[in-house]
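Here is what each chain is made of, one letter per residue.
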Amino acid sequence: RKEVEQDPGPFNVPEGATVAFNCTYSNSASQSFFWYRQDCRKEPKLLMSVYSSGNEDGRFTAQLNRASQYISLLIRDSKLSDSATYLCVVNVNNNNDMRFGAGTRLTVKP
Amino acid sequence: ETGVTQSPTHLIKTRGQQVTLRCSSQSGHNTVSWYQQALGQGPQFIFQYYREEENGRGNFPPRFSGLQFPNYSSELNVNALELDDSALYLCASLRAASGSGEQFFGPGTRLTVL
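Anyway, here's the lowdown on the structure attached to this text. What you see is a predicted model, and the numbers here were worked out from it, not measured in a lab. (Residues numbered from 1 in each chain as written. Chains lettered and ligands numbered in written order. Predicted model: local features only at pLDDT ≥ 70, side-chain atom pairs only at ≥ 80, totals over all residues. Heavy atoms only, no water.)

### Overview of the packing of aromatic side chains
Okay, step 1: Taken as a whole and assessed by the stated rule, the structure comprises 11 aromatic pairs over all chains.
Okay, step 2: Between F100(A) and F105(B), the aromatic rings sit 5.9 Å apart at their centres with planes inclined by 80°, giving edge-to-face as the arrangement. Placement of the pair is F100(A) in strand β10 (residues 98-100) and F105(B) in strand β10 (residues 104-105), with the two residues belonging to separate chains. The same class applies to F100(A) and to F105(B), which are both buried.
Okay, step 3: On the numbers, 5.6 Å between centres and 45° between planes, the contact of Y35(B) with F105(B) is tilted. Remark: F105(B) occurs in strand β10 and Y35(B) occurs in strand β4 (residues 31-37); sequence separation between them is 70 residues.
Okay, step 4: By relative accessible area, which is 0% here, F105(B) ends up buried.
Okay, step 5: Through a chain of ring-to-ring contacts, three or more aromatic side chains come together here, namely Y36(A), F100(A), Y35(B), F45(B) and F105(B). (Phe/Tyr/Trp six-rings, centres within 6.5 Å; stacked < 30°, edge-to-face > 60°. Helix = DSSP H or I, 4+ residues; strand = E, 2+ residues; numbered from the N terminus. Buried < 20%, exposed > 50% of the residue type's maximum accessible area, 1.4 Å probe, protein only.)

Shown next as C-alpha cells:
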C-alpha cells in the first residue's frame, strides 16, 4: 500500500462547480497534512495546511479524519484558474520529510 | 517567487555518467529536502539535510547522495545514471523551527538520461 493515495482523476468540471478530492494515508502516526497545488511544468506550492478541526480559506475547505486516515479538499465555485494538479502531502515521521500523493489533475472548463 | 533557486535548469546526460544538482535555500531556512518527480507522478522524497547532516532518507539507492553547506545551500549527486533517473529534481527549503511544515520549492532541474 502506498503511503499516500489520492483519487486518480482527472476531474473535468464546469466553472462554478463544486469539486472534492480525497486522500488516504497509511501511517497512523503522521502528524501534519497539507494540500499543495502544482501548475503544469511548475514547482508545487502550498495551498493550505489541514488541521484536525478542519479549516477553510475562501472557496477552499480542508478536512482531516484521523480515525479513517483520510484527508479531503473541497473547492467551491470553481474558477478557470483553479485548473492544476492538487497534491496531498503527509508529514509521516514528524521530522519534516513530506510524502506526496501522485496528485489529482483538475481542469475547470468555461 | 519562493527565493529557492536551482541549477542547472535542464541537463542531458548519458547512462553511467554522474551528475551534480545545486540548490540555494530561502534566507533563514536551515533545512533542505530533495525530491524526484517523474512525469505524471507526485514528488518522491529522496532525502533531507538539516545543519549539514542527512536527516531522513526515502527509498533511493546509495548512488543518490547529497551535501549541505554552512550557508544551507545543498547539492544532490547521482552516480552511475540510469535511464529511469530521468525526472524533474526539486529541492525545497524550510525553517525547521517554524513548526509549520511549509516547504518552499525551487523551480527544479529537469534531468534527461539518454
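### Overview of the interface of chain A and chain B
Okay, step 1: If you look at the interface, chain A gives 16 residues, while chain B gives 25 residues.
Okay, step 2: For the chain A and chain B pair, buried surface summed over both sides reaches about 1,600 Å², with 51% attributable to carbon and sulfur atoms.
Okay, step 3: Between the two partners, chain A and chain B, sit 0 salt bridges.
Okay, step 4: Inspection of the region where chain A meets chain B yields 3 residue pairs in polar contact (both at pLDDT 80 or more).
Okay, step 5: If you list the elements that add at least two residues to the side of chain A that touches chain B, you get β4 (32-38) and β10 of chain A.
Okay, step 6: Residue composition of the side of chain A that touches chain B, by class: 8 nonpolar, 4 polar and 4 charged. (Contact = heavy atoms within 4.5 Å. Buried area = accessible area lost by both parts, 1.4 Å probe. Salt bridge = Lys/Arg side-chain N within 4 Å of Asp/Glu carboxyl O. Polar contact = N/O pair within 3.5 Å; in protein donor to acceptor, adjacent residues only side chain to side chain. Nonpolar A, V, L, I, M, F, W, Y, C, P; charged D, E, K, R; others polar.)

### What about the sheet that holds strand β3 (residues 19-25) of chain A?
Residue and element names in this part refer to chain A.
Okay, step 1: Pairing in this open sheet of 5 strands is antiparallel, and the strands run β1-β3-β8-β7-β6 from one edge to the other. In this open sheet, the two strands that pair with only one neighbour each are β1 (4-6) and β6 (55-57). The average undirected angle you get between the axes of adjacent strands in this sheet is 15°.
Okay, step 2: As paired elements, strand β7 (residues 60-65) and strand β8 (residues 70-75) share 6 bridges and run antiparallel to each other. When the sheet's bridge partners are listed, A62 is paired in β8 with L73. (Pairing = 2+ DSSP bridges. Axes fitted to C-alpha atoms, helices over the stretch in contact; angles between N-to-C directions.)

### Considerations on unusual backbone geometry
Residue and element names in this part refer to chain B.
Okay, step 1: Following S7, the chain continues to P8 via a peptide bond in cis, the omega torsion being -10°.
Okay, step 2: For Y72, which is not a glycine, the phi torsion comes out positive at approximately 75°.
Okay, step 3: Along the polypeptide, Y72 turns up in the loop between β7 (64-68) and β8 (74-78).
Okay, step 4: Positive phi, close to 45°, is recorded for A80, a residue that is not glycine.

### Considerations on the state of the cysteines
All names here are of chain A.
Okay, step 1: Summed over the entire model, instances satisfying the criterion amount to 2 disulfides over all chains.
Okay, step 2: The disulfide partner of C23 is C88, and the gap between their sulfur atoms is 1.9 Å. Sign of the S-S torsion, about -75° for the bond between C23 and C88, identifies this disulfide as left-handed. Of the two residues, C23 sits in strand β3 while C88 sits in strand β9 (residues 84-91), which places them 65 residues apart along the sequence. For the pair C23 and C88, one class covers both residues: buried. (Disulfide = S-S within 2.5 Å.)

### Some words on the pattern of salt bridges
Okay, step 1: Summed over all chains, the structure comprises 9 salt bridges over all chains.
Okay, step 2: Notably, a salt bridge pairs K79(A) with D77(A), separated by 3.0 Å at the nearest N-O pair.
Okay, step 3: Judged by relative accessible area, which is 37%, D77(A) ranks as partly exposed.
Okay, step 4: In this structure, the salt-bridge partner of R22(B) is E75(B), at a minimum N-O distance of 3.5 Å. Of this pair, R22(B) sits in strand β3 (residues 19-24) while E75(B) is found in strand β8, placing the two residues 53 residues apart along the sequence.
Okay, step 5: Using a relative accessible area of 14% as the deciding quantity, one classes E75(B) as buried.
Okay, step 6: Through salt bridges with shared partners, a single network forms among R63(B), E82(B) and D85(B).

All quantities given are derived from atomic positions and should not be read as evidence of function.
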